[in-house]
Amino acid sequence: MIIEALIGVTFLAALVVMLAPDEYAGKLAFALSLLPVVGSLYMWAGFDAGGNALMAGSIAYETQLDWLTVAGYELQWFVGVDGISLPLVVLSTVLSSLAIVSAWTPIDTRQSQFYGLMLFMEANLLGVFTALDFFLWFVFWEAVLVPMYFLIGVWGGPRRKYAAIKFFVYTNIASLVMFIGFMALVFNLPISSFGLPEITQSLQAGELSGSVGLDPAALKLAAFAAMFAGFAVKVPVVPFHTWLPDAHVEAPTPVSVMLAGVLLKMGTYALLRFNFTMLPDVATRPLVATVIAAVAVVSVIYGAMLALAQQDLKRIVAYSSVSSMGYVILGLIAYTGLGIGGATFQMVAHGLISGLMFMAVGVIYNVTHTRMVGDMSGMADRMPITVGILVAGAFGYMGLPLMAGFAAEYFIFQGAFASTVIPSAPLFTAAAMFGIVIVAGYLLFAMQRTLFGEFSLETDYEVRRARFHDVAPLAVLLLCTIALGVAPDIFFEMITDAIEPVVAVVGGGA
Amino acid sequence: MEPVLMQADQLPTWTALAPALALAVTGLLVILLDSVEPDGSRPALLAGIATVGSLASLGLAGWFLSAGTGQMGTGGAIALFGDALVVDGMALFFQALFAAVTALVVVASYDYLHDHPHRAEFYSLMLFAATGMAVMAAANSLAVAFIALELASLPSYALVAFLKRDAGSVEAGLKYFLIGALSSSVFAFGISLVYAATGSLLLPDVYDALSGGVEGLTGVAAVGILMVAGGFAFKTASVPFHFWAPEAYEGAPAPVSAFLSSASKAAGFALAFRVFVVGFPLDAGIDWVLLFQVLAVVTMTLGNFAAATQEEVKRMLAYSSIGHAGYALIGLAAFSGGAGGDVLGASMAHLLVYGFMNTGAFLFVALAEHWDVGRTFDDYAGLASRAPMASVAMSVFMFSLAGLPPFGGFFSKYFLFMGAIDAGFWWLAAVGAINSALSLFYYSRVVKTLWLDDAVGEFELGSTPTALYAAIVFAAVATVLLLPGFGPVIETAQSVATTIVP
């Protein structure tokens, strides 16, 4: 029942904070958000699942209750975690708490509503990563959009309305496309449940029948394409990425942190669960694999080039997410233990590092009221600690060894290089690795111009050092990043354990 | 829950009409009280009686429904007055729906009608209209169907024109009345043609006669059925008899719009479901399933596109209500004997969810009218900072009407579309899904206006109308809770729908 407790407590906390007076809302939200953190760490400590939850593996903290039956289909309250979902659950709770702290300085209007929505979003995110019934999962998945819409639209920057609506419409239409694709699969299976494990096993037993003039193979391909398109928007991959920079730039810092840190992972998590676990035979078709690998590489390179062209620090970090998510897709399509494992690890690593970067840019913005690279220089003189952490985070982004980013990217490249699924895998891998050079380029270039050299700042605001509660979450994130880099096994072992069955289906190696 | 309390042999059979009688008696009581004390100086008492009466009706219907009255387990439908009325699960389901909406609207009207001189008339008209709807749900004869339809319609005309000093309200009432009278005559003429062809007004007899073949009169019967369908199209605001709806909903007092677009529409569907499924076989000279397919597609598409272009919130809601009539029509359009019960039940469940979310949305408009904030989207800008609770509720209604997952509207639409697919009409579900996606555009516009836009100029909201607020918040809570609690709703709806399928 720990998962129910986790989700329930977070919902309740959202409600309490919503009703609290503004002065206490931030502190109260942080205090209450520690409960799910403790809960998720407790889950981690007692974690005993083995294998993949969708492929007859054992599921930790499982609850399966009948909800309602309609037209012969059983809907269930079915939650549980395996080695893929648990790291993301921990990431969600930790990052939410830190994001709440990072909101203390910049958020000064309608605070109780802001923090209430943050907690409401966290509760739904936890639901997304633990639900094992499609319907339940979809309810949580869509419910994340609503708080995000308001968080961007009410507290965002000057073009917040445009960004909020664009985000909402884009991702909602994507969900619809994905929903139709998934339903086309379920309706043609001889099962009466929306349980993801049951659907996966039925699909892999080859029980899919054709429909509306399509044979099973064509139907699978169509469903795969619909689901991929739906999730690709969420990830996002080029060319579905255009909502992301708008949403990121307009969103307030803590919301950007959640957006880059956790929301994008919903897309890659769903891709792994739905496309790559349920329909491996479609994904491993040479043509499909080539297309996906190409999309991944284009996302890496194009995202990085876009980042290179930006003048706004936040935009740079935002576009770099497109690039990092490209790595994840490449790792997934590799279908090797290291590839998919590395991709899952990168979800966590990128969550931490991009969260760190957004927060650091946010702290600088709080002080300088500008994010333009051309407007400032020599910030290291005035804000040594913040800048130090930002530089460390940037190195993590570039893949400096002993940081989480390095471990993740190493696994992905190693896995992708050895892939038997992607035709001419070494070529794709090499092209993707070139992305690292561009990443290093734009990060070093931006830091050189803003952080170092002689101090100057074109702004009317007084420049003061960041406060303790601004820097503390940065420090925590940096520590986590280093911890994961030094000892990837904290998560990697359980991830590999859950990945193995997926890889075994297509006969991919380590 | 007590086991099976209401069997035909335990209580006199007429008590099965208790939900309808409760509404009628309450209406009479309100009038009586007003004639004893004509100046209407006790508004709280009048509203209280009306509320208690409609809640009693809701309680009775709910009790009967859960005790299995008129359902298979307790000996089947209870027939009364020479089979002219039947009380079965479907009738009780809709009676519960009407009573719930009536209770909400009555509570909400308390503040809306402040310092209006004719409060008692308002409540009693509303209760009589609800009585008519309750009888519509139980009508088993075309004659009773016609009388019940008129009993529901006549008070509605008066309610729409209730603000008699407001030209808009009077004009709306007149339009509603004229088109209502026209479609009533079409309906009556259709009934007479069906009678001419079959020699009976009782629905099961009509069915038998039609399926036995009516020598030389097939054409007459077909025209009759077509005209009867026209009568329903009027009551449910479906194309091509929808023109009155935006005018009437816009001009009417907002609580009345809520009442008409939720309860009255559902009543039209209650009657249509029974008359067509029980009374007209699929091959009775006209393929009425095909007819409803055309109507459903045209109605939802037209309603949604028209709603997308509106500048006034109330008018947008009126057109979107036409769109929702199109969704509900899927219940009949995808009906195909045998498997038909499920999609019919899904339509009923959608109407129930709709009863809460749409009533709530119109009540929010009533709140805005109470505060005089204006009618257009722009006038609603920034309202959330002044009335956060009501705005949260309105956002819930909008997202639920659009069919977004965290709310009740998601499930009801989903089961509706899935029922259509199961019955083999996947294209009908596709049209519905596309329309539903389109509707998000204009529903989210309201949410955007409320929360994201800044108010133009300063305005004071004045007093907080407690009862209206309570009704809105209650409707919102019901809309949210209908998602986790959808199991019993859809199961009940589908099981009672199956019983009327021959």
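Numbers given to residues run from 1 along each chain, matching the order in which its sequence is written. Going through the entries in the order they are written, you letter the chains from A and number the ligands from 1. This being a predicted model, a pLDDT of at least 70 is required before a residue's local features are given, and a value of 80 or more before pairs of side-chain atoms are given or counted; all residues contribute to the totals for chains, interfaces and linings. Only hydrogens and water are set aside when side-chain values are computed; all heavy atoms of the structure are taken into account.

Caption draft 1: Looking closely at the overall build of chain A. Numbering of helices and strands starts at the N terminus; helices are DSSP runs of H or I of at least 4 residues and strands are runs of E of at least 2. Helix and strand content of chain A: 21 helices and 4 strands. Our radius of gyration is a C-alpha quantity, and the globule rule it is checked against amounts to 2.2 Å times the number of residues to the power 0.38. Its C-alpha radius of gyration of 22 Å places chain A within 12% of the 24 Å reference for a compact globule of 510 residues. Counting the 510 residues in chain A, one finds 65% classified as buried. Looking at chain A alone, contacts between residues at least 24 apart form 79% of all its contacts between residues at least 6 apart. Buried, partly exposed and exposed residues are distinguished by accessible area as a fraction of the type maximum, computed with a 1.4 Å probe on protein chains only: under 20%, between the cut-offs, and over 50%, respectively. Here, residues are in contact when the closest pair of their heavy atoms is within 4.5 Å.

Caption draft 2: Representation of the interface of chain A and chain B. Taken together, the contact between chain A and chain B spans 31 residues of the former and 33 residues of the latter. Summed over both sides, the interface of chain A with chain B buries roughly 2600 Å², with 77% coming from carbon and sulfur. Salt bridges are defined as contacts in which a side-chain nitrogen from Lys or Arg sits within 4 Å of a carboxyl oxygen from Asp or Glu. Scanning the region where chain A abuts chain B turns up 0 salt bridges. Between N or O atoms, a polar contact is any pair within 3.5 Å; within protein, one atom must be a potential hydrogen donor and the other a potential acceptor, and residues adjacent in sequence are included only when both atoms are from side chains. At the boundary of chain A and chain B, one finds 1 residue pair in polar contact (both at pLDDT 80 or more). Every element with two or more residues in the side of chain A that touches chain B is listed here: β1 (60-70), β2 (73-81), α5 (134-143), α6 (145-155) and α7 (160-187) of chain A. Ranked by residues supplied to the side of chain A that touches chain B, first place goes to α7(A) with 10 residues. Note on residue classes: Ala, Val, Leu, Ile, Met, Phe, Trp, Tyr, Cys and Pro are nonpolar, Asp, Glu, Lys and Arg are charged, and everything else, Gly too, is polar. Its residues assigned to classes, the side of chain A that touches chain B shows 23 nonpolar, 4 polar and 4 charged. When two parts are put together, the accessible area they lose, computed with a 1.4 Å probe and summed over both, is reported as buried area.

Caption draft 3: Main features of a negative patch on the surface. A patch consists of residues exposed above 30% relative accessible area that lack any salt bridge, with like charges linked at up to 9 Å and nonpolar side chains (Val, Leu, Ile, Met, Phe, Trp, Tyr) linked at up to 5 Å. Computed by Shrake-Rupley with a 1.4 Å probe, the accessible areas treat only the displayed protein chains as cover when residues are assessed. Residues scored as positive are Lys and Arg, those scored as negative are Asp and Glu, and His as well as the terminal groups of each chain are ignored. Taken as the charge centre is NZ of Lys, CZ of Arg, CG of Asp or CD of Glu, depending on the residue. Residues A:Asp489, A:Glu493, A:Asp497 and A:Glu500 make up a contiguous surface patch of negative charge. Topologically, A:Glu500 is positioned in helix α21 (residues 489-506).

Caption draft 4: Region of interest: the packing of helix α14 (residues 313-334) of chain A against helix α18 (residues 404-417) of chain A. All names here are of chain A. Packing of α14 against α18 leaves a shortest axis separation of 9 Å and a crossing angle of 40°. Considering their axes alone, α14 and α18 lie oblique with respect to each other. Judged by the twist between their axes, the crossing of α14 over α18 is left-handed. Of the residues in α18, those touching α14 at Tyr 327, Val 328, Leu 330, Gly 331 and Ala 334 are Glu 409, Ile 412, Phe 413, Gly 415 and Ala 416. In the contact of α14 with α18, the residues fall into 7 nonpolar, 2 polar and 1 charged. In this analysis, axes come from line fits to C-alpha atoms, helices being fitted only over the stretch in contact, and the angle between any two N-to-C directions falls in the range 0 to 180 degrees. Every angle not falling under 35 degrees, over 145, or within 65 to 115 is termed oblique; those three ranges are roughly parallel, roughly antiparallel and roughly perpendicular. Crossings are classed by handedness, with left-handed meaning an anticlockwise turn of the near helix from the far one by less than a right angle and right-handed meaning a clockwise turn.

Caption draft 5: Here's a closer look at the pattern of salt bridges. Summed over all chains, the structure comprises 14 salt bridges over all chains. Note that A:Asp82 is salt-bridged to A:Arg273, the shortest N-O span being 2.8 Å. Of the two residues, A:Asp82 is situated in the loop between β2 and α3 (85-102) and A:Arg273 in helix α11 (residues 253-278); the sequence distance between them amounts to 191 residues. Both residues of the pair, A:Asp82 and A:Arg273, count as buried. One salt bridge connects B:Arg274 with B:Asp88, and the closest N-O pair in it is separated by 3.0 Å.

Caption draft 6: Up close: the side chain of B:Lys314. Residue and element names in this part refer to chain B. For Lys 314, the location among the structural elements is in helix α12 (residues 313-333). Among the polar contacts listed, one links the side chain of Lys 314 to the backbone oxygen of Glu 250, at a separation of 3.0 Å. With sequence-adjacent residues up to four places away left out, Lys 314 is seen in contact with Tyr 249, Glu 250, Ala 252, Pro 253, Ala 254, Ser 257, Phe 362, Val 365 and Glu 369.

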